[in-house]
Amino acid sequence: MARHTVPIGTKTERAGARRGNTGSICAWELRNVVRLPALWGFLALCLLLNSWMIVGTGISAGWRDDLAYAARTAANAGTTVDERFVAALAAQPASDERDALLRYVQSGFGPGYEGYDAIAAGDWYAAVLDAQGHPHLALQMRLKAQWLQSRAEHLAATGASDDFAAGSLTTLLHSVAATVVQATMVEGMILGPIIMLYAVGGDRFHRLDPLVNASRTGRRTMNRKLAVGVCCSTAAYLVIAAAVPLVFALVFRIPGLWSSSVSSRMLGVSTDVGLQPFLTWADFSMGGYLCASLGLGLLFTLAFTLFAGALGMLLRNVLAAFGVVMAFGVAGLVAMMFIHDALAYQLLGIQPMYALANASQWFTDMGTHAMLPWQETVVTLISVGYFAVALIVARRAYSGKDLT
Amino acid sequence: MNRRVFLAEMRKIWRPLPLIAALAVFVVGALFAANQTHLVEGPYRNVDVVVESAEFGPVYTPETRRAVQTELEKAKAAFAADMAADPAAREQGVTDWDSYHDWQDRMIAAGGDSSAIDAYALSSYERVNSLEFLLRYAETDGEQIRATLNDGVCFVRGFPQGAPCGDVPGAAARRIDQLVAQAGRRSLLGYGVISTIQESGGTMMVTAVLCAMLLTMFTMTRDRQLRLPSLQWASRTGRSVRSWQAAAVGCSAALAALTVGTVWAAWLAVRLRPVLGTGINTALATDMPWFDWTVLQYLVAYAAVAVLASLALSLVAAWIVRARQNYIRMLLVAIPVGVAAGCLVKFRIGAHLGYLANPLNRLLMVPGVETIALAAILVLAVALWTVDARLLRRRELPVA
């Protein structure tokens, strides 16, 4: 019997056909994900929830008047808390809001973080670590305290400590922002894996796996699915995250707020050693800090997305894969909440939930929860790294499977 | 009733993987609930609230008052002995409780260091403090109790603390009259006991609801994935399967919640053994209880409401999720439903259950408003499933 052959064209034509196939496969995989109505519904719910958290604080009866007064004060007295500012504030018509704001700006730390001693705080933390039997960690804590002291001196020299920000509402604003960032991270942690599992395991729902894997082209679609899964998860998180600074800017309209330093002495953080200023390892404005936090949330989402991709290829059950991802997350969070030994905390903290558990203090010293500057960023990057390795290993294992 | 179909549906729900997931949620919930106990208090000395609550008996009577006053005198004598043994106290001329407080007031007024005498670390100081606190609150008369409870009603209705708010609603007014009449029969139950039951009970209820949902929300989607509806439709028995599925969901949710609630109640009952028979209408708390329960009855009430909440919310959630095309669509619907149910139970139903401080009293100030709300949700769930079952019988072909 004569064999029928199909002309396969020149090398260039074959390469062009492959690129076209790749492009169309990616387009089809993207359509599969984007045309899922429940996904858009979930996104809308996330946006509504985050917006409600921000708007609810801004317009609640307890804070509305304080917010309006802070805006008027910034417009009239300026955005730098110095003697001229205090005099201008005292000259404003007498009211409960004026008196409360006067008390607030004159309490806490003085100009240039007067009254704050980073070395003394570091020594206190080091004593705790020594008592736990970790002298090497105590040494690291003292070293970190020296770096922090130099940061405090730099920020004081640049005048960052005297920015008005949101006045007495600065701590509330920071607390709300941290809560919203945490909510955004949890939403990304759930949505990212779901999108990835749908991209990777979608064919299984329609029993198309055997058909797809019957050809070489089909077996290679897994890489496209993974790429589409990562891109769509990232895009979904960015949609959720982009709304956060927008809504904040609409609700908290205080002149100079978003360009003022996040290390202003208006923002005091309660720690084990008492009130501390919010000293960041780099110079951040309030707006810049919020955006940087959301950026770290993107890495957090990426870590879980990669993990879900690896599990989606290894496990045949999408629900089981999602369950394992969530179980890992919950176990990581529980470890961060209930482990008190410093060394165990550091070792068990090399996972993404370390960042979620410490979201209110990112890019600062974080007390005994961090031994290094930028530790939350380093840990999240390491997590992305090892989940990426897991994904590559899983992809290779998937390629070597005999039957689907 | 078709017992075979019902049991088959139950076997579909109680499978290994959902059971493992529910067990994992139970373990995490138990960890959180165990950390929400407030039975040991005091900044320096670990005061056992349960032992303190049981010390003078379940009811505050004139005999109890005499016993407390006797103990107070002993404690003040012990404090005086501690002051006599403290060189700093001798130097300052502090010899007893009254002279200590006089000295402290003088030091504070003059801007001096009032921690020169470290009285706070003394167990005798803690003892005198707690007995004086007890006497101060236990000795309030009926009219003071009425004024405090009226303030509570106004606060729940959204008025600032201490501001008048007009007439008290009927049910609340009747309950205040009852409590005023019982002024001489209140208990000395520490607020730490009540807050422990309420906080850990709220977490227990969330755990129960989530365990129930994890078991019951996936079954119909799994059936659809396995192409079972077309098989079910082939027979008359199969076409009535939706009712049995709903019944199986309800029974499974109730059973799961009963297990969680029983374990929680048993764990706390062991810890609260000395005060199980003590009334929750205590002189040491200002929030108004709607019922004259004992501690044991309060534990049982929390567990029972957890069962009702799991039953109602699981039925509603299972109806909302039903048979989705695939597990991903199911997750995208089930997760927001689960989060909403958890928030409802934690912040509205389980918060201060049976007390005026429960947020639902802002909408309807009647005893058992939480149970009324859950009963309404259950009625809604039954109606939804009934309509769904009827509509399914009329459908031409099942959705593939």
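Just so you know, these numbers come straight off a predicted model, no measurement behind them. (Residues numbered from 1 in each chain as written. Chains lettered and ligands numbered in written order. Predicted model: local features only at pLDDT ≥ 70, side-chain atom pairs only at ≥ 80, totals over all residues. Heavy atoms only, no water.)

A. Looking closely at the overall build of chain B. Each helix and strand counted, chain B has 17 helices and 2 strands in total. Radius of gyration (C-alpha) of chain B: 28 Å, far over the 21 Å computed for a compact globule of 400 residues. Based on the C-alpha atoms only, the size of chain B along its principal axes is roughly 95 × 45 × 40 Å. For chain B, contacts bridging at least 24 residues in sequence account for 78% of all contacts bridging at least 6. For chain B, the exposed area adds up to about 18900 Å²; of that, 61% sits on carbon and sulfur atoms. (Helix = DSSP H or I, 4+ residues; strand = E, 2+ residues; numbered from the N terminus. Rg over C-alpha atoms; globule rule 2.2 N^0.38 Å. Contact = heavy atoms within 4.5 Å. Areas by Shrake-Rupley, 256 points an atom, 1.4 Å probe, with all protein chains shown as cover.)

B. Structural context of the overall build of chain A. Each helix and strand in chain A was counted, giving 16 helices and 2 strands. In terms of overall dimensions, chain A has a C-alpha envelope of 105 × 50 × 40 Å along the principal axes. Within chain A, buried positions represent 48% of all 404 residues. Pairs at least 24 apart in sequence give 78% of the contacts found in chain A among residues at least 6 apart. Positive and negative charge centroids in chain A, built from 28 and 25 side chains respectively, lie 24 Å apart. (Buried < 20%, exposed > 50% of the residue type's maximum accessible area, 1.4 Å probe, protein only. Lys, Arg positive; Asp, Glu negative; His and termini not counted. Charge placed at Lys NZ, Arg CZ, Asp CG, Glu CD.)

C. Representation of the UniProt feature "transmembrane region" (unreviewed entry) in chain B in the model. All names here are of chain B. As recorded in UniProt, the feature "transmembrane region" (unreviewed entry) lies at residues 201–220, 241–267, 299–321, 328–349 and 369–387. Annotated as 100% helix and 0% strand, the span residues 241–267 places its first and last C-alpha atoms 39 Å apart. Span residues 328–349 is 100% helix and 0% strand, its end C-alpha atoms 30 Å apart. (UniProt positions renumbered as here; feature names shortened; annotations may be inferred.)

D. Inspection of the pattern of salt bridges at higher detail. Residues and elements named next belong to chain B. Within the structure shown, the criterion is met by 22 salt bridges over all chains. Residue Arg66 is joined to Glu63 by a salt bridge in which the shortest nitrogen-to-oxygen separation is 3.5 Å. Highlighted residues: Arg66 and Glu63, both in helix α4 (residues 62–85), separated by 3 residues, approximately one helical turn. Residue classification places Arg66 among the partly exposed positions, given a relative accessible area of 48%. Note that Glu143 and Arg146 form a salt bridge whose closest N and O atoms lie 3.6 Å from each other. One end of the pair is Glu143 and the other is Arg146, both in helix α8 (residues 142–156) and 3 residues apart, which spans about a single turn. Within this structure, Glu55, Glu71, Lys74 and Arg127 form a network of salt bridges that share partners. (Salt bridge = Lys/Arg side-chain N within 4 Å of Asp/Glu carboxyl O.)

E. Geometry of the confidence of the model for chain A. Chain-level statistics for chain A give a pLDDT mean of 88 and a share of 93% at 70 or above. Within the model, the stretch residues 1–7 of chain A combines pLDDT values under 50 with 0 contacts to residues more than four positions away or in other chains. (pLDDT = per-residue confidence, 0-100.)

F. Focus on the interface of chain A and chain B. Listed by partner, the interface residues are 22 residues for chain A and 18 residues for chain B. Broken down residue by residue, the surface that chain A buries against chain B is led by Phe205, Leu319 and Phe338 of chain A, which jointly contribute 30%. Our enumeration of links across chain A and chain B arrives at 0 salt bridges. If you list the elements that add at least two residues to the side of chain A that touches chain B, you get α2 (37–59), α8 (170–205) and α13 (318–338) of chain A. A total of 8 residues in the side of chain A that touches chain B trace back to one element, the largest contributor, which is α13 of chain A. Class assignment for the residues of the side of chain A that touches chain B results in 20 nonpolar, 1 polar and 1 charged. (Buried area = accessible area lost by both parts, 1.4 Å probe. Nonpolar A, V, L, I, M, F, W, Y, C, P; charged D, E, K, R; others polar.)

G. Spotlight on the nonpolar core. Core analysis: the biggest nonpolar cluster contains 168 residues, and Leu191, Phe248 and Trp362 of chain A together with Val193, Ile197, Leu272 and Ile328 of chain B have the highest contact counts within it. Considering every element that reaches this core, the biggest residue donor is α8 of chain A, with 19 residues. Sequence-distant contacts of Ile328 of chain B, that is, excluding residues within four places in its chain, are made with Leu36, Ile194, Leu197, Tyr198, Phe205 and Val318 of chain A. Grouped together as the second largest cluster of nonpolar side chains are 23 residues, Tyr60, Val68, Leu131 and Leu134 of chain B included. (Core = buried A, V, L, I, M, F, W, Y, C linked by side-chain atoms within 4.5 Å.)

H. Local environment of the state of the cysteines. Inspection of every chain in the model, using the stated rule, returns 0 disulfides over all chains. The cysteine Cys46 of chain A is free of any disulfide, with Cys343 of chain B supplying the nearest cysteine sulfur at 13 Å. On the basis of relative accessible area, Cys46 of chain A is assigned to the buried category, the value being 5%. Cysteine Cys231 of chain A is unpaired, with the sulfur of Cys232 of chain A as its nearest cysteine sulfur at 6.8 Å. According to the relative accessible area criterion, Cys231 of chain A is exposed, its value standing at 52%. (Disulfide = S-S within 2.5 Å.)

I. Region of the structure containing the packing of helix α12 (residues 286–314) of chain A against α13 of chain A. Residues and elements named next belong to chain A. Viewed as axis vectors pointing N to C, α12 and α13 meet at an angle of 140 degrees, and their least axial separation amounts to 9 Å. Taken as axis vectors, α12 and α13 run oblique relative to one another. Here α12 runs over α13; the crossing is right-handed. Contacts from Phe304, Phe307, Ala308, Leu311 and Gly312 in α12 reach Ala321, Val324, Val325, Phe328 and Gly329 in α13. Residues that form the contact of α12 with α13 fall into these classes: 8 nonpolar, 2 polar and no charged. (Axes fitted to C-alpha atoms, helices over the stretch in contact; angles between N-to-C directions. Parallel < 35°, antiparallel > 145°, perpendicular 65-115°, else oblique. Left-handed = near helix turned anticlockwise from the far one by under 90°.)

J. Quick look at the UniProt feature "transmembrane region" (unreviewed entry) in chain A. Under the UniProt annotation, the feature "transmembrane region" (unreviewed entry) is placed at residues 38–63, 226–252, 287–311, 318–339 and 378–398 of chain A. Secondary structure across residues 378–398 of chain A comprises 100% helix and 0% strand; the distance between its end C-alpha atoms is 30 Å.

K. Focus on unusual backbone geometry. The residue Phe363 of chain A is not glycine, and still its phi comes out positive at about 65 degrees. Within the secondary structure, Phe363 of chain A is located in the loop between α15 (353–357) and α16 (375–399). For Arg322 of chain B, which is not a glycine, the phi torsion comes out positive at approximately 45 degrees. Here Arg322 of chain B is to be found in the loop between α15 (295–321) and α16 (327–349). Its relative accessible area of 25% is what places Arg322 of chain B among the partly exposed residues.

L. Main features of the packing of helix α14 (residues 241–271) of chain B against helix α17 (residues 369–394) of chain B. Residues and elements named next belong to chain B. At their nearest, the axes of α14 and α17 sit 8 Å apart, and the two run at 155 degrees to each other. Comparing their axes, α17 and α14 come out roughly antiparallel. On the side of α14, the interface is formed by Arg242, Ser243 and Ala246, while α17 contributes Trp385, Asp388, Ala389, Leu392 and Arg393. Across the contact of α14 with α17, the residue classes tally to 4 nonpolar, 1 polar and 3 charged.

M. Examining a nonpolar patch on the surface more closely. On the surface, Ile350, Trp374, Val378 and Ile382 of chain A cluster together into a nonpolar patch covering about 310 Å² of accessible area. Within the secondary structure, Trp374 of chain A sits in the loop between α15 and α16. (Patch = residues over 30% accessible without salt bridge, like charges linked within 9 Å, V, L, I, M, F, W, Y side chains within 5 Å.)

N. Representation of the packing of aromatic side chains within the structure. A full pass over the atoms with the stated rule returns 32 aromatic pairs over all chains. Consider the rings of Phe284 of chain A and Trp374 of chain A, whose centres lie 6.3 Å apart with planes at 70 degrees: the pair is edge-to-face. Linking Phe284 of chain A in the loop between β2 (274–277) and α12 with Trp374 of chain A in the loop between α15 and α16, this pair joins segments that are 90 residues apart in sequence. By relative accessible area, which is 16% here, Phe284 of chain A ends up buried. Among the residues examined, Trp374 of chain A registers a relative accessible area of 30% and is labelled partly exposed. Considering the side-chain rings of Tyr120 of chain B and Tyr125 of chain B, the 5.1 Å spacing of their centres and the 80 degrees angle between planes classify their relative orientation as edge-to-face. (Phe/Tyr/Trp six-rings, centres within 6.5 Å; stacked < 30°, edge-to-face > 60°.)

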